[in-house]
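Architecture and fold: a report
Residue-level listing of the chains:
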Amino acid sequence: NISQIEEMPKGIPPGEYSVTSDGLHGEMNISSLDSEGRFHGTLNLYPFDRKSTIVGSFDDISHEIVFNRTIDTEQNPLEYYKGYKFTNVIADCIFGTGPGSCYQYATFAGTFESINKPNQTFGWYASHIPKPCPACPD
């Protein structure tokens, strides 16, 4: 139904995301998000037990997300992430908040560069983990 698709939420939801970055799995957490699309949070990849912070922005028109990741180590390396939000409307309608619903899960894919490895580009993707999970059984 076209009217349902047009009414899907805009922006990005704060909270937890499952992330894979250059083959490493982990969690991204957007802890604060303002009305202009600027956000703060963390991005932690396993098996490394490091705390890292992210600061970035999301453009609701282009669906572009950009953020810097600062890893809390002695060298304080910095990574520059860029990606785009997309959704699988068919799957969202089937597995969304109920029969016929079109809840839009935020999924991102893109590339990043590290100051430790100049002129090399790596891939990443992330999917929002809604709380509570609309498609999960009670």
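Residues numbered from 1 in each chain as written. Predicted model: local features only at pLDDT ≥ 70, side-chain atom pairs only at ≥ 80, totals over all residues. Heavy atoms only, no water.

Strand order in the closed barrel made by the 8 strands is E1-E2-E3-E4-E5-E6-E7-E8, with antiparallel pairing throughout. Geometrically, the sheet is characterised by an average inter-axis angle of 30° between neighbouring strands, direction not taken into account. Of the pairings in the sheet, the one linking strand E4 (residues 52-59) to strand E5 (residues 64-71) comprises 8 bridges and is antiparallel in character. Residue pairing for E5: Thr 53 is matched across the bridge by Thr 70. (Pairing = 2+ DSSP bridges. Helix = DSSP H or I, 4+ residues; strand = E, 2+ residues; numbered from the N terminus. Axes fitted to C-alpha atoms, helices over the stretch in contact; angles between N-to-C directions.)

So, on to the confidence of the model for the protein chain. Averaged over every residue, the pLDDT of the protein chain is 79; residues scoring 70 or more account for 70%. Low pLDDT, under 50, characterises residues 1-9; the predicted model gives this stretch 9 contacts beyond four residues in sequence or across chains. (pLDDT = per-residue confidence, 0-100. Contact = heavy atoms within 4.5 Å.)

So, on to the nonpolar core. The biggest cluster of nonpolar side chains holds 19 residues, and the ones touching the most others in it are Phe 67 and Trp 124. Within the residue set of this core, elements represented by two or more residues are strand E1 (15-21), strand E2 (24-33), strand E3 (38-45), E4, E5, strand E7 (107-114) and strand E8 (117-128). Other than its neighbours up to four places away in sequence, Phe 67 contacts Met 28, Phe 39, Leu 43, Ile 54, Val 55, Gly 56, Glu 79, Tyr 80, Tyr 81 and Trp 124. (Core = buried A, V, L, I, M, F, W, Y, C linked by side-chain atoms within 4.5 Å. Buried < 20%, exposed > 50% of the residue type's maximum accessible area, 1.4 Å probe, protein only.)

Attention now goes to the environment of Ile 54. Looking at the secondary structure, you find Ile 54 in strand E4. For Ile 54, a relative accessible area of 0% translates into the label buried. Between the alpha carbons of Ile 54 and Ile 30 there is a distance of 8.4 Å; along the sequence they are 24 residues apart. Every residue in contact with Ile 54, bar those within four places of it in the chain, is listed here: Met 28, Phe 39, His 40, Gly 41, Thr 42, Leu 43, Phe 67, Asn 68 and Arg 69.

With that settled, consider the packing of aromatic side chains. Scanning the model with the defined rule gives 9 aromatic pairs in all. A centroid spacing of 4.5 Å and a plane angle of 10° characterise the contact between Tyr 81 and Phe 112, whose relative ring orientation is stacked. In this pair, Tyr 81 is assigned in strand E6 (residues 78-86) and Phe 112 in strand E7, connecting sequence segments 31 residues apart. Both residues of the pair, Tyr 81 and Phe 112, belong to the buried class. (Phe/Tyr/Trp six-rings, centres within 6.5 Å; stacked < 30°, edge-to-face > 60°.)

As a further point, take the side chain of Thr 107. Tracing the chain through its elements places Thr 107 in strand E7. Once residues lying within four places of it in the same chain are set aside, the contact partners of Thr 107 are Tyr 84, Lys 85, Phe 86, Ala 126 and Ser 127.

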